[in-house]
Amino acid sequence: MPPLDGIRGVLFDLDGVLTPTTDVHMAAWARLFTPYLDEHGVDPYSEQDYFDYIDGKPRYDGVRSMLGSRGIELPEGEPTDPATADTICGLGNRKNDTVSRVLAEDGVSPYPGSVLFLDAVTEAGLRVAVVSSSRNAPAVLEAAGIASRFEVVVDGMVAAEQNIAGKPAPDTYLRAAELLGLTAAECVVIEDAHSGVQAGRAGDFGLVLGVDRGAGAQQLLDSGADLVVSDLELMLPIDTYPAGARS
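Sequence order as written defines the numbering, with residues in each chain counted from 1. Since the coordinates come from a predicted model, pLDDT governs what is reported: local features require at least 70, and pairs of side-chain atoms require 80 or more to be given and counted, while whole-chain, interface and lining totals use all residues. Side-chain figures throughout are based on the complete set of non-hydrogen atoms in the structure, without hydrogens or water.

A. Structural context of the pairing of strand E4 (residues 187–191). For the exposure calls, accessible area comes from a 1.4 Å probe over protein chains only, and a residue counts as buried if that area is under 20% of its type's maximum, exposed if over 50%, partly exposed in between. Labels follow the DSSP assignment, with helices taken as runs of H or I lasting at least four residues and strands as runs of E lasting at least two, numbered in each case from the N terminus. With 5 of 5 residues buried, E4 lies mostly within the body of the structure. Every second residue of E4 is oriented toward a common face, with Cys-187, Val-189 and Glu-191 on one face and Val-188 and Ile-190 on the other, all of them buried. Pairing analysis gives 4 bridges linking strand E1 (residues 9–12) to E4, with the strands arranged parallel. Residue Leu-11 lies in a different strand from E4, and its bridge partner there is Val-189. Pairing between two strands is assigned when DSSP locates at least 2 bridges connecting them.

B. Structural view of the environment of Gln-198. Secondary-structure assignment places Gln-198 in helix H9 (residues 194–202). For Gln-198, a relative accessible area of 33% puts it in the partly exposed group. Taking C-alpha positions, Gln-198 is 29 Å from Val-102, a pair spaced 96 residues apart along the chain. Contacts between residues were defined by any pair of non-hydrogen atoms, one from each residue, lying within 4.5 Å. Those residues within four positions of Gln-198 in sequence are excluded, and the remaining contacts are Pro-168 and Ser-223.

C. Layout of the pattern of salt bridges. Put simply, a salt bridge is a Lys or Arg side-chain nitrogen that is within 4 Å of an Asp or Glu carboxyl oxygen. Throughout the structure, instances matching the rule amount to 11 salt bridges. Note that Glu-76 is salt-bridged to Arg-64, the shortest N-O span being 2.6 Å. With a gap of 12 residues between them, Glu-76 in the loop between helix H3 (59–69) and helix H4 (88–106) and Arg-64 in helix H3 connect regions that are remote in the sequence. Ionic pairing is found between Lys-167 and Glu-191, a salt bridge with its closest N-O pair at 2.6 Å. Of the two residues, Lys-167 is situated in the loop between helix H7 (156–161) and helix H8 (171–179) and Glu-191 in strand E4; the sequence distance between them amounts to 24 residues.

D. Expanded view of the nonpolar core. Within the largest apolar cluster, 34 residues are counted, with the highest numbers of intra-cluster contacts made by Phe-12, Phe-117, Phe-150, Ile-190 and Leu-232. Once you skip the residues sitting within four places of it in the chain, Ile-190 turns out to touch Val-10, Leu-11, Phe-12, Asp-13, Val-17, Phe-117, Tyr-173, Leu-209, Val-211 and Leu-232. By size, the runner-up hydrophobic cluster in this structure holds 25 residues, among which are Tyr-36, Val-63, Ile-88 and Cys-89. In this text, buried Ala, Val, Leu, Ile, Met, Phe, Trp, Tyr and Cys residues form a nonpolar core when linked through side-chain atoms within 4.5 Å.

E. Layout of the environment of Val-152. On the secondary structure map, Val-152 appears in strand E3 (residues 152–154). A C-alpha to C-alpha distance of 8.5 Å links Val-152 and Val-131, two positions 21 residues apart in sequence.

F. Representation of the confidence of the model for the protein chain in the model. What pLDDT conveys is the predictor's confidence in a given residue, as a value from 0 to 100. Mean pLDDT over the protein chain stands at 92; residues scoring 70 or higher make up 95%. Counting interchain partners and residues more than four positions distant, the pLDDT-below-50 stretch residues 240–247 has 23 contacts.

G. Looking closely at the packing of aromatic side chains. The criterion for an aromatic pair is that two Phe, Tyr or Trp rings (for Trp, the six-membered ring) have centres within 6.5 Å, with stacked assigned to planes under 30 degrees apart, edge-to-face to planes over 60 apart and tilted to the rest. Here the structure, examined in full by the defined rule, presents 6 aromatic pairs. Aromatic side chains Phe-12 and Phe-117 sit 6.0 Å apart centroid to centroid with 75° between the ring planes, which places their arrangement in the edge-to-face category. A residue pair is termed long-range when its members are at least 10 positions apart, and Phe-12 in strand E1 and Phe-117 in helix H5 (residues 112–123) qualify at 105 residues. The exposure class of Phe-12 is buried, given its relative accessible area of 0%. Residue classification places Phe-117 among the buried positions, given a relative accessible area of 1%. An angle of 70° between the planes, with centres 6.1 Å apart, marks the rings of Tyr-173 and Phe-205 as edge-to-face. Taken as a pair, Tyr-173 in helix H8 and Phe-205 in the loop between H9 and strand E5 (207–211) lie far apart in primary sequence, 32 residues in all. What makes Tyr-173 buried here is its relative accessible area of 0%. In this structure Phe-205 comes out as buried when scored by relative accessible area, which is 3%. One aromatic cluster is present, built from ring pairs that chain together Phe-12, Phe-117 and Phe-150.

Dropping the structure here:
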């Protein structure tokens, strides 16, 4: 399997790659910004706004980017701000309350194709990690029943605690590779978001694999993906990775 020569690790994004929690996040962001933007008399919130300004970014960066697209400035606030606070952190916490409530009430199941792919790469001896901007990553992994499958998880909470720059910077992915004892060139980054694909490309990883869950295949390629699929099951068996997928 020539495209995997030298590859020893697989770094998975979580929302939209392993679990369909992107839909939960999208609904929560829409519930936050639809009335908020309407109250401020600016252009209404759309699904495309999620992909353009929010998708894959740390929560507060997403709030800041979305508001900036409409010329709205708010004080930063603190991560401890209540969800009612009219601050960047307050709005982010309001969105997170919605996500936490949905996860607790409805749970989440992983994508079947992603589980098959995870099975295949681990059986092949590759090491695996999760790299997510979300601070809910451990809860989502537990709810999906796959927490025990990953020896390393670098999420939004870890990034904040260790002062690691979030996506589109490559730092969280580089940290995960380091914790696995691997170099960037030895790892595959798997992402469904433009910011995550850009992080993989900026980190000079061995392969940047895009999963199109709505961001657009060509757009993910334009952001730096080497290859884009609609489901990870299409990458099976792993010894049939398309030739030339690595640059």
